[in-house]
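Examination of the molecular architecture
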Amino acid sequence: MTDNTMAAGTAPVSAPTAPSLTAAADSTTFAVILSLSFCHLLNDMMQSLVPALYPILKDSYALSFGQIGFITLAFQCTASMLQPVVGMYTDKKPQPYSLMVGMGFTLVGLLLMSQANSYPLILFAAALIGMGSSVFHPEASRVARMAAGGRYGLAQSLFQVGGNMGSAAGPLLAAFIVVPAGQQSIVWFSAAALVAMIVLFQVGHWYKARRATQKPAVRKGAAAAGGVVTLSKGRVGVAVAILVALLFSKNVYSASLGSYFTFYLIQKFGMEVQTAQLYLFAFLVGIVVGTILGGLVGDKVGRIPVMWFSILGALPFALMLPYANLFWTGVLAVAVAIIMASAFSAILVYAQELLPGRVGLVAGMFFGVSFGLGGLGAAALGEIADHAGIEAVYKVTPFLLLLGLLTAFLPKHPSTPKLPA
């Protein structure tokens, strides 16, 4: 399904004013997309501070690996459960300023996390940060699509890369700010939430004005331009279930690296916390690179080949990782990150083709499932680490990637584009 096809149904512009209006629209919408990408960077940077805090919290409050896992569960489950609801609601009743409100939850969560002095308060603060994410992702993804001007792939890539860069920057900032200064230094990052709220207020203002200038028939026509599904509801349901299974295999393994990689490096190689954070940063940079490459390759060769390569291609590297020395552990972790990260954009675009016209629901569902599965995986892996040791986690989890074989059962053509009138 091409961007030109998806843009079909847009109201024509009269010839005399078309050049000036198009130039203005391109300038404005590009600024909106970059603003959303910047806020995605800030949002995911603040979220990535939560796992970066784990070594400090574990030592300060004598937490077990199981308790660390439940912090991740509290953080990611609030994001997971609410995102599809937010996406479904805003598809029907868009809320221009909801992005700013969602970022306010993150602000409160950060302030509380910086001052929390008990395990229940830490859990509550993590849950509030997750709530902010649950509002931000589906609505921001939908606004980015609205601002795309027909270039939906470009808009989604710019939006997603901002988030990946934020996730990569979080541990780096934690290594040089949070680890030396302690838990209370989290309060400094609340300034990022305030900046994001100001930017998102401006985005909401643009969004409100944009909707006010569109006639209802135009909005319906643009929403319907995504394509016509040719599969039965049953086949669509099976395809969605397979995509969820692929996300499960990908995200549970990613949780083993995102939540416990620093502990693994510290325990196995006697590494300092700050140095371990740098290795985690390299892993997260690999995710940024993989996301970009996955989108580029997926546009050329299709989504299904990318899914095959992303899940199964990471398996041999994941199997070798627990037996590697320090140098090759870093290399293999980055290789796994690059290969596995290419899957998410392919899965998201494929799901949008399965369910055209439901951008918010799809974004909320798959961003939410991604967070939720990661949280459940982190909690389960924490229990395994407590009972069998942290190295056992990296010997068991690679076999989950065999679920990538389910890709064989996905329809090759999820939808047929609607031809231009």
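Residues numbered from 1 in each chain as written. Predicted model: local features only at pLDDT ≥ 70, side-chain atom pairs only at ≥ 80, totals over all residues. Heavy atoms only, no water.

1. Brief notes about a nonpolar patch on the surface
On the surface, Val-285, Val-289, Ile-292, Leu-293, Leu-296, Val-297 and Val-301 cluster together into a nonpolar patch covering about 530 Å² of accessible area. Mapped onto the elements of the fold, Val-285 is located in helix H11 (residues 273-301). On the basis of relative accessibility, which here comes to 33%, the residue Val-285 falls in the partly exposed class. (Patch = residues over 30% accessible without salt bridge, like charges linked within 9 Å, V, L, I, M, F, W, Y side chains within 5 Å. Areas by Shrake-Rupley, 256 points an atom, 1.4 Å probe, with all protein chains shown as cover. Salt bridge = Lys/Arg side-chain N within 4 Å of Asp/Glu carboxyl O. Helix = DSSP H or I, 4+ residues; strand = E, 2+ residues; numbered from the N terminus. Buried < 20%, exposed > 50% of the residue type's maximum accessible area, 1.4 Å probe, protein only.)

2. Some words on the packing of aromatic side chains
Under the defined criterion, the tally for this structure stands at 9 aromatic pairs. Taking 6.5 Å as the distance between ring centres and 40 degrees as the angle between the ring planes, the aromatic pair formed by Tyr-260 and Phe-263 counts as tilted. Taken together, the residues span about one helical turn, with Tyr-260 and Phe-263 both in helix H10 (residues 233-269) at a distance of 3 residues. Each member of the pair, Tyr-260 together with Phe-263, is buried. Aromatic pair Phe-261 and Tyr-264: ring centres 6.5 Å apart, planes at 15 degrees, arrangement stacked. Placement of both Phe-261 and Tyr-264 in helix H10 is noted, with a separation of 3 residues, approximately one turn of the helix. (Phe/Tyr/Trp six-rings, centres within 6.5 Å; stacked < 30°, edge-to-face > 60°.)

3. Some details on the side chain of Lys-250
Secondary-structure assignment places Lys-250 in helix H10. Here Lys-250 is buried and forms no salt bridge, its nearest opposite-charge partner Asp-44 lying at an N-O distance of 11 Å. Excluding anything up to four places from it in sequence, Lys-250 contacts Ile-311, Met-340, Ala-341, Ala-343 and Phe-344. (Lys, Arg positive; Asp, Glu negative; His and termini not counted. Contact = heavy atoms within 4.5 Å.)

4. Description of the packing of helix H5 (residues 98-115) against helix H8 (residues 190-213)
At their nearest, the axes of H5 and H8 sit 9 Å apart, and the two run at 175 degrees to each other. The orientation of H5 relative to H8 falls into the category roughly antiparallel. On H8, the residues that touch Leu-99, Met-100, Met-103, Gly-104, Leu-107, Leu-110 and Leu-111 of H5 are Ser-190, Ala-193, Leu-194, Ala-196, Met-197, Leu-200 and Phe-201. (Axes fitted to C-alpha atoms, helices over the stretch in contact; angles between N-to-C directions. Parallel < 35°, antiparallel > 145°, perpendicular 65-115°, else oblique.)

5. What to know about the environment of Met-320
For Met-320, the position within the fold is in helix H13 (residues 315-320). For the pair Met-320 and Tyr-394, spaced 74 residues apart in sequence, the C-alpha to C-alpha distance is 9.4 Å.

6. Quick notes on empty space enclosed by the protein
The final tally for this structure, using the stated rule, is 3 cavities of 30 Å³ or more. As a volume, the second largest cavity reaches approximately 40 Å³. In terms of lining residues, the second largest cavity is bounded by Pro-51, Ala-52, Tyr-54, Pro-55, Leu-257, Gly-258, Ser-259, Tyr-260, Phe-261, Thr-262, Gln-277 and Leu-280. Only helix H2 (18-52), helix H3 (54-61), H10 and H11 provide two or more residues apiece to the lining of the second largest cavity. Per-element tally for the lining of the second largest cavity: the top contributor is H10, with 6 residues. Residues belonging to the lining of the second largest cavity are distributed by class as follows: 8 nonpolar, 4 polar and no charged. (1 Å grid on protein atoms, 1.4 Å probe; cavity = no way out; pocket = protein on both sides within 12 Å on 5 of 7 lines; lining within 4 Å. Points joined across faces, edges and corners; volume = space filled by probe spheres on them. Nonpolar A, V, L, I, M, F, W, Y, C, P; charged D, E, K, R; others polar.)

7. As for the environment of Leu-400
Tracing the backbone through its elements, the reader meets Leu-400 in the segment after helix H16 (390-396). Taking C-alpha positions, Leu-400 is 8.0 Å from Lys-250, a pair spaced 150 residues apart along the chain. Apart from the residues lying within four places of it in its own chain, the contact partners of Leu-400 are Phe-248, Ser-249 and Val-252.

8. Considering the confidence of the model for the protein
Mean pLDDT for the protein: 78, with 83% of residues reaching 70 or above. Highest mean pLDDT in the protein belongs to H13 (92); lowest belongs to helix H1 (residues 3-6) (37). Within the model, pLDDT remains below 50 along residues 221-229, and this stretch shows 26 contacts once partners closer than five positions in the same chain are excluded. Per-residue pLDDT stays below 50 along residues 416-421; that stretch engages in 11 contacts with residues further than four places along the chain or on separate chains. (pLDDT = per-residue confidence, 0-100.)

9. Observations regarding unusual backbone geometry
Positive phi, close to 50 degrees, is recorded for Ala-62, a residue that is not glycine. With respect to the helices and strands, Ala-62 occurs in the loop between H3 and helix H4 (65-92). Since its relative accessible area comes to 66%, Ala-62 is described here as exposed.

10. Quick look at the nonpolar core
In this structure, Leu-36 and Leu-243 are the most contacted members of the largest nonpolar core, which totals 109 residues. Tallying contributions element by element places H10 first for this core, with 16 residues. Leaving out residues up to four positions away in the same chain, Leu-36 has contacts with Leu-99, Phe-136, Ala-140, Val-143, Ala-144, Phe-159, Leu-200 and Val-203. (Core = buried A, V, L, I, M, F, W, Y, C linked by side-chain atoms within 4.5 Å.)

11. With respect to helix H14 (residues 326-354)
Between its first and last C-alpha atoms H14 spans 43 Å; for 29 residues at 1.5 Å apiece the expected length is 42 Å, and the two agree. When you tally the buried positions in H14, you get 23 out of 29 residues, the bulk of the element. Of the residues flanking the start of H14, the one acting as N-cap is Asn-325, its side-chain oxygen 3.3 Å from the backbone nitrogen of Phe-327. (Expected span 1.5 Å × (residues − 1). Polar contact = N/O pair within 3.5 Å; in protein donor to acceptor, adjacent residues only side chain to side chain.)

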